[in-house]
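Each chain is listed here by its residues.
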Amino acid sequence: MAAPSDDDRQFSSDLYARLQVSKEATPEEINNAFRRLSKIYHPDKHSIDPQRKEQAEMMFNKIKYSHEVLMDPHKRAIYDTLGLKAIETDGWEVVPRTKTPSEIREEYERLAQEREERRLNQRTNPRGNINIGIDATDVFDRYEADDYGSMFPTVEIRNMSIAQSVECPLTSKDTATLGGSLHTQNGTGGGSMSAAVRRIISEKSWAELEVSGGSGPAVHLKGFRTLHKRMFGTMAGMLQFTPHGLRPSLQSMVAVTLDKNFQGRLTWNVGHPSSMNTSVVWENPSHRAVCAVQLGVPSSFISCSYSKKFLEEDARLKVALKFGTFGAIVEYGGEKKITQFSVLGASLVIGVPTGVLLKIKLNRGNQSFMVPIHLSEEISPSAILYGTIVPLAAFYIIKKLIITPILDQEKERDIERKKEMNAEIIRERRKEAEAARELMKETTDRIRTTEEQKKGLVVVKAIYGKLVSSDSSDIDDSQCIDVTDPIQACVNGSKLVLPAEQSKSGLPGFYDPCLGEEKVLYIRYKFREQLHHVTIGDMEEIRCPLARHVMTNGSVS
């Protein structure tokens, strides 16, 4: 039996939806679903008409393929864990069929890594960082105009630094990194260059050798080692040649995972400066808290920070407190993902003796742009107010006037591009859906007649796609399709139940009429001679009849 093509999988990859069963379905339920659909699509039931027989063979092959995969525990575990594409990955024939889903995932990752290694020599990974320090203290701490000599405050660039590096994989275990940096402050500056080679020694360790030059030649040696399944450590040593002689330094760190959310770290620095740092990190998908204590020369401090992630909004808010021998600071701010590869953030630092500092950061891919703006040398209420409100207002204006229109245009272009690229596939899926509806016509009519006789569930109208409203009187054929018969065919014993987390586009008689856009399913049905209706999201569960679906005066009661 030939498997469906790759293009077909793109639009009908949910084998459970194809058989109209849930992901938790038992083998018996899968068999029952296959037998029920076979009664509709088996070619022998449509042998009189050659065209209908050909359509039936197409549909029957698809449900048979779905049945074969889901009835094979090994293939089903692969499909549940990694999807249809993984079933056809080269190398699965050597995977023992007794492996668990977690072992299957590990094996797939190994095979994927082997494929990736073949392309290593064609890939590089550039990284960059630009930091521009701006002094705007004259805006809030300026002198009188006559004494200062100007009516307008002075804003100047105090310092700037640029760093760039490129990672070049040499083999599956060796990676070379070339980098350089330039920096200037108050008219003076310098630069440096570095070259490093990292080698993966084993699954538990790696080592890196780096040579750099700039303020003086230096040799760095770094290493990582997994000490236990809940413990790992790093060590880094440096030997720098200066005009005053050799300057050695050593840093070591040990991290211990206390439980799934807690991690403790101990860091020891020997050299200049010297310090001992202890930190505890608590983290889950939505929250992160860090507490740290450092004892050292010349700096000792205590710090605490907390950040809240808003997963649906792709945003994060952060607040931090730090005090020690240098003084004390409070920092608060946030960041927001503005495009697929860009994150914009801002934070305000209030401290003694630093004053008020606004930090603006933009991450674009592996490039980072940082602009710290020194607003005031003292804790100025006006600087705090403007440093808080102005970035929020600027972001809102930029988002409304620039970011949102650009993203909307990109989304529209992406949808149009997908439709153009897959126009032929969409036509084939539409043709398949029409064939399925034609083949199920006899079954649909029988189910509808039976339900009408016992005053059961009769589907009056069902529409799938991008609906402007629940009013089905005006249908845009380019955005939605009529699926009344396919939904009626799913009714069994005056009940309609279809599982969640499955796109309706994979159901027999369905296809995706608006690729890349959000879709819903609107159903109007009769039950016990009362009209009902419901609008359901594409991935939501269908369960009818329900009392809350009853229509009263044209609306849901």
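On a predicted model such as this, the values are computed, not experimentally measured, just so you know. Within each chain, residue numbers correspond to sequence positions counted from 1 in written order. Only residues with pLDDT of 70 or above have their local features reported here, since the model is predicted, and side-chain atom pairs are shown and tallied only from 80 upward, although totals for entire chains, interfaces and linings are computed over all residues. Side-chain numbers here rest on the full set of heavy atoms in the structure, without hydrogens or water.

## Some words on the state of the cysteines
Count a disulfide wherever a pair of cysteine sulfur atoms falls within 2.5 Å. A complete count under the given rule lists zero disulfides for this structure. Cys 514 supplies the cysteine sulfur nearest to Cys 480, a cysteine that is in no disulfide, at a spacing of 8.0 Å. A relative accessible area of 5% places Cys 480 in the buried class. When a residue's accessible area, from a 1.4 Å probe over protein chains only, is under 20% of the maximum for its type it is buried; when over 50% it is exposed; and in between it is partly exposed.

## Looking at the pairing of strand 15 (residues 342-352)
We call two strands paired when DSSP finds no fewer than two bridges between them. Numbering of helices and strands runs from the N terminus; a helix is a DSSP stretch of H or I covering at least four residues, while a strand is a stretch of E covering at least two. Strand direction decides the pairing type here: strand 14 (residues 327-337) and strand 15, joined by 10 bridges, are antiparallel. Bridge pairing in strand 15 links Glu 331 to Val 349. In this structure, the hairpin formed by strand 14 and strand 15 is closed by a connection of four residues. Here strand 15 runs beside strand 16 (residues 355-364); their pairing, made up of 10 bridges, is antiparallel. The residue of strand 16 that forms the bridge with Ile 350 is Val 356.

## Some thoughts on the pairing of strand 12 (residues 301-310)
Across eight bridges, the pairing between strand 11 (residues 287-297) and strand 12 is antiparallel. Looking at the pairing, Ala 289 lines up with Tyr 306 of strand 12. If you look at the hairpin formed by strand 11 and strand 12, you'll find three residues sitting between the two strands. Looking at chain direction, strand 12 and strand 13 (residues 315-324) are connected through 10 bridges and run antiparallel. Residue Tyr 306 lies in a different strand from strand 13, and its bridge partner there is Val 319. Where strand 12 folds back on strand 13, the antiparallel hairpin that results is connected by four residues, among which Asp 314 adopts a positive phi of roughly 55°.

## Some words on the sheet that holds strand 19 (residues 480-482)
If you walk across this open sheet you meet the four strands as 19-18-21-22, and the pairing is antiparallel. Edge positions in the sheet fall to strand 19 and strand 22 (530-537), since each of these pairs with one other strand and no more. The average undirected angle you get between the axes of adjacent strands in this sheet is 15°. Sheet topology places strand 18 (residues 458-465) next to strand 21 (residues 520-527); seven bridges connect them, and they run antiparallel. Across the sheet, Val 458 pairs through a bridge with Lys 526, a residue of strand 21. Axis definition: a line fit to C-alpha positions, over the contact stretch in the case of helices; interaxial angles, taken between N-to-C directions, run 0 to 180 degrees.

## Description of the environment of Asn 129
Within the fold, Asn 129 resides in strand 1 (residues 125-135). Judged by its relative accessible area of 30%, Asn 129 is partly exposed. Taking C-alpha positions, Asn 129 is 8.0 Å from Ser 161, a pair spaced 32 residues apart along the chain. Setting aside its immediate chain neighbours within four residues, Asn 129 contacts Ser 161, Ile 162, Ala 163 and Ser 368. The criterion used for residue contact is that any of the two residues' heavy atoms lie within 4.5 Å.

## Looking at helix 4 (residues 50-71)
Given the number of residues in a helix, its expected span is that number minus one, multiplied by 1.5 Å. Helix length check: helix 4 (22 residues) gives 31 Å between terminal C-alpha atoms against 32 Å at 1.5 Å per residue, within 8%. When we look at burial in helix 4, the residues that qualify are Gln 55, Ala 56, Met 59, Phe 60, Lys 62, Ile 63, Tyr 65, Ser 66, His 67, Val 69 and Leu 70.

## Digging into the confidence of the model for the chain
In the predicted model, the chain carries a mean pLDDT of 83, and the fraction of residues at 70 or more is 86%. Note on residues 1-12: pLDDT under 50 across the span, and 25 contacts to partners over four residues away in sequence or across chains. Predicted confidence is poor over residues 90-94, with pLDDT under 50, and the contacts of this stretch with residues over four places away or in other chains come to 10 contacts. pLDDT runs from 0 to 100 and stands for how confident the predictor is about each residue.

## Comments concerning the pattern of salt bridges
Side-chain pairs of opposite charge can arise where the charged atoms are in close proximity. Basic side-chain nitrogens of Lys or Arg form a salt bridge, by our definition, when they fall within 4 Å of a carboxyl oxygen of Asp or Glu. The tally for this structure, following the rule as stated, stands at 23 salt bridges. In this structure, Lys 455 and Glu 529 form a salt bridge, with 3.5 Å as the shortest nitrogen-oxygen distance. Of the two residues, Lys 455 is situated in the loop between helix 12 (441-453) and strand 18 and Glu 529 in the loop between strand 21 and strand 22; the sequence distance between them amounts to 74 residues. Owing to a relative accessible area of 46%, Lys 455 belongs among the partly exposed residues under this scheme. Residue classification places Glu 529 among the exposed residues on the basis of a relative accessible area of 61%. Bridged by salt links that share partners, the residues Arg 18, Lys 62, Arg 429 and Glu 432 form one connected network.

## A look at a positive patch on the surface
The patch calculation keeps residues exceeding 30% relative accessible area without a salt bridge and links them within 9 Å when they carry like charges or within 5 Å when they are nonpolar (Val, Leu, Ile, Met, Phe, Trp, Tyr). To measure how exposed things are, a 1.4 Å probe is used in the Shrake-Rupley method; for residues, cover is taken only from the protein chains shown. Residues scored as positive are Lys and Arg, those scored as negative are Asp and Glu, and His as well as the terminal groups of each chain are ignored. Here the site of a charge means NZ on Lys, CZ on Arg, CG on Asp, or CD on Glu. A grouping of Arg 35, Lys 39, Lys 45 and Arg 446 is seen on the molecular surface, where their side chains present a positively charged patch. In this structure, Arg 35 sits in helix 3 (residues 27-41). A residue is classified by how much of its surface remains accessible, and Arg 35, at 46% relative accessible area, is partly exposed.

## Structural notes on the side chain of Ser 347
By the secondary structure assignment, Ser 347 is in strand 15. The class for Ser 347 is buried, based on a relative accessible area of 14%. Within the structure, the side chain of Ser 347 is placed 3.0 Å from the side chain of Glu 331, a separation counted as a polar contact. Contact partners of Ser 347, with chain neighbours within four places excluded, come to Glu 331, Tyr 332, Gly 333, Leu 357, Leu 358 and Lys 359. Any pair of nitrogen or oxygen atoms within 3.5 Å is treated as a polar contact; in protein, a donor-acceptor pairing is required on top of that, and neighbouring residues in sequence qualify only through side-chain atoms on both sides.

## Some details on the environment of Lys 495
You can see Lys 495 is positioned in the loop between helix 13 (484-489) and strand 20 (496-498). Ignoring sequence-local partners within four residues, the contact set of Lys 495 consists of Leu 457, Cys 490, Cys 544 and Pro 545.

## Quick word on a nonpolar patch on the surface
Together, Leu 209, Val 211, Val 219, Leu 221, Leu 239, Phe 241 and Leu 246 make up a nonpolar patch on the protein surface, roughly 610 Å² of accessible area in all. Within the residue set of the nonpolar patch, elements represented by two or more residues are strand 5 (205-213), strand 6 (218-228) and strand 7 (231-242). Note that Leu 246 resides in strand 8 (residues 245-257). The exposure class of Leu 246 is exposed, given its relative accessible area of 53%.

## Points about unusual backbone geometry
For the bond from Val 297 to Pro 298, the omega torsion is 5°, close enough to zero to count as cis. Here the phi dihedral of Lys 455 falls at roughly 55°; this positive angle occurs in a residue that is not glycine. Of note, Ser 494 is a non-glycine position whose phi angle comes to about 60°, a positive value. The residue Ser 494 is located in the loop between helix 13 and strand 20 in this model. Judged by its relative accessible area of 12%, Ser 494 is buried.

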